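Each chain is listed here by its residues.
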Amino acid sequence: MIYLDHNSTTYIASEVKLLVSKLVNEPLNASSIHSKGRFSKNLIEEARNQIASALCFDINSNNYVQVIFTSSGTEANNLIIRNFLESEVFISATEHDSILEQQFYTPNIKLISVDNNGLINLEELESALAKSTSSRKLISVMLANNESGVIQPIKKIVAIAKKFGAYTHSDCVQGVGKIPVNISELGIDFATISGHKFGGLIGAAALIINTKFILRPIIRGGGQERGARAGTENVLAIAGLGLAIEMASRNLLERYENMSNLQKKIEEGVKSVIPNIKIIGKDVERLPNTSLIVIPGFDAEIQLIALDLRGIQISSGAACSNNNNKRSRVLTAMRLEDSDIKSAIRISCSHKQKEQDINIFLETFAEVYKTK
Ligand code: PLP
């Protein structure tokens, strides 16, 4: 089996498995006052510090900078956008569905178009902000796209936001563990991360608040997470997320090099089989692990199934939305032709991927293409 779908989810890091195997025997409720409760609370606080240190922001500087744990990146994205629904929110047209779908519930979300590479149109963003009459504004643009891996110019977006006094949020779910994510340097006010994308368990994610802002919860009840997100914390997954992000930041350069070498090998290899393939976002800054490849006239679903039958798992776009079989909104926003959208496959490697895996993938891919 060769798994090449790491943008959808990845293996749990071995260090995290070890930690979880120890903690799984403990009753872990961070709201309890007794020693087991305090132990749980300490695990959560340690994870907050691990996130702050990996993503370079100072959690102890004042009371406002916070890490709010949620059950998923989807929830964290919902949490921040829903805090701005009465304000105006400016998002790129290639955001993850957990951001994009908010537009169906409020007229206050403005979609900013992207170019053929998926990069946000900065002039359009600036003129939309200039026209806005809302006293409170939020710009939400993802750091890296889950389908194409294309990296958005977040620092430029923050500079524009500052001119208009707008808050900035970035969905950093796909960036962590693949490229350096420095919250302070990016200058963003809010960020979303999700543990299962970088070696943690599914079930823990976070919304980072790096500004003076009182967050309104969307889940009310207990006073957990300083009242920002009720519900007994998933201590096991949160501790796993903390360790996973620490591991990911420790050897990021090495990870980057390995993924980027394999990306080159994949793209050159596939091109040698089919010279007229298109690699989406090839000429702009991209994640080192993601290749979104269009093979004209070769249906993505057929490729996916044929490869799966031969033991190789890839994706035909965003795994999160594959189950409702809809046309990729991302590729539509990038104005790809319909036939290209239908034939786009996504190969996403892990930092631990072996060159041998890619050799097998390329051989198998050539075999599948011959049977087309
Ligand atoms: N944002 C991006 C860019 C994603 O790729 C994903 C998941 O694929 C999410 C948000 C949602 O994260 P989660 O799976 O934790 O809900």
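Since this is a predicted model, take the numbers as computed values, not measurements. (Residues numbered from 1 in each chain as written. Predicted model: local features only at pLDDT ≥ 70, side-chain atom pairs only at ≥ 80, totals over all residues. Heavy atoms only, no water.)

K.L.:
Would you mind showing me how to read the overall build of the protein here?
P.N.:
Within the protein one finds 14 helices and twelve strands. A globule of 372 residues ought to have a C-alpha radius of gyration of about 21 Å, and the protein, at 21 Å, matches this closely. Based on the C-alpha atoms only, the size of the protein along its principal axes is roughly 65 × 55 × 35 Å. For the protein, with 372 residues in total, the buried portion stands at 58%. For the protein, the proportion of contacts with a sequence separation of at least 24, taken over those separated by at least 6, is 69%. (Helix = DSSP H or I, 4+ residues; strand = E, 2+ residues; numbered from the N terminus. Rg over C-alpha atoms; globule rule 2.2 N^0.38 Å. Buried < 20%, exposed > 50% of the residue type's maximum accessible area, 1.4 Å probe, protein only. Contact = heavy atoms within 4.5 Å.)

K.L.:
Before we go on, may I ask you to explain the packing of helix α5 (residues 122–131) against helix α6 (residues 154–164) in this structure?
P.N.:
Helix-helix packing is characterised by the crossing angle of the two axes and by the distance between the axes. Close contact between α5 and α6 brings their axes to 10 Å; oriented N to C, the two are set at 15°. Considered as vectors, α5 and α6 are oriented roughly parallel to each other. Viewed along their axes, α5 and α6 form a crossing whose handedness is right-handed. From α5, Leu-122, Leu-125, Glu-126, Leu-129 and Ala-130 reach across to α6, where they touch Lys-156, Ile-157, Ile-160, Lys-163 and Phe-164. Class assignment for the residues of the contact of α5 with α6 results in seven nonpolar, no polar and three charged. (Axes fitted to C-alpha atoms, helices over the stretch in contact; angles between N-to-C directions. Parallel < 35°, antiparallel > 145°, perpendicular 65-115°, else oblique. Left-handed = near helix turned anticlockwise from the far one by under 90°. Nonpolar A, V, L, I, M, F, W, Y, C, P; charged D, E, K, R; others polar.)

K.L.:
Looking at this structure, I do not really get the sheet that holds strand β12 (residues 344–348). What am I missing?
P.N.:
Sheet strands pair by backbone hydrogen bonding; their relative direction is either parallel or antiparallel. Here three strands make up an open sheet; going across it, the order is β9-β10-β12 and the pairing antiparallel. Each end of this open sheet is capped by a strand with a single partner; those strands are β9 (278–279) and β12. When strand β10 (residues 290–294) meets β12, the two strands line up antiparallel, connected through five bridges. Paired with Ser-291 across the bridge in β12 is Ile-347. (Pairing = 2+ DSSP bridges.)

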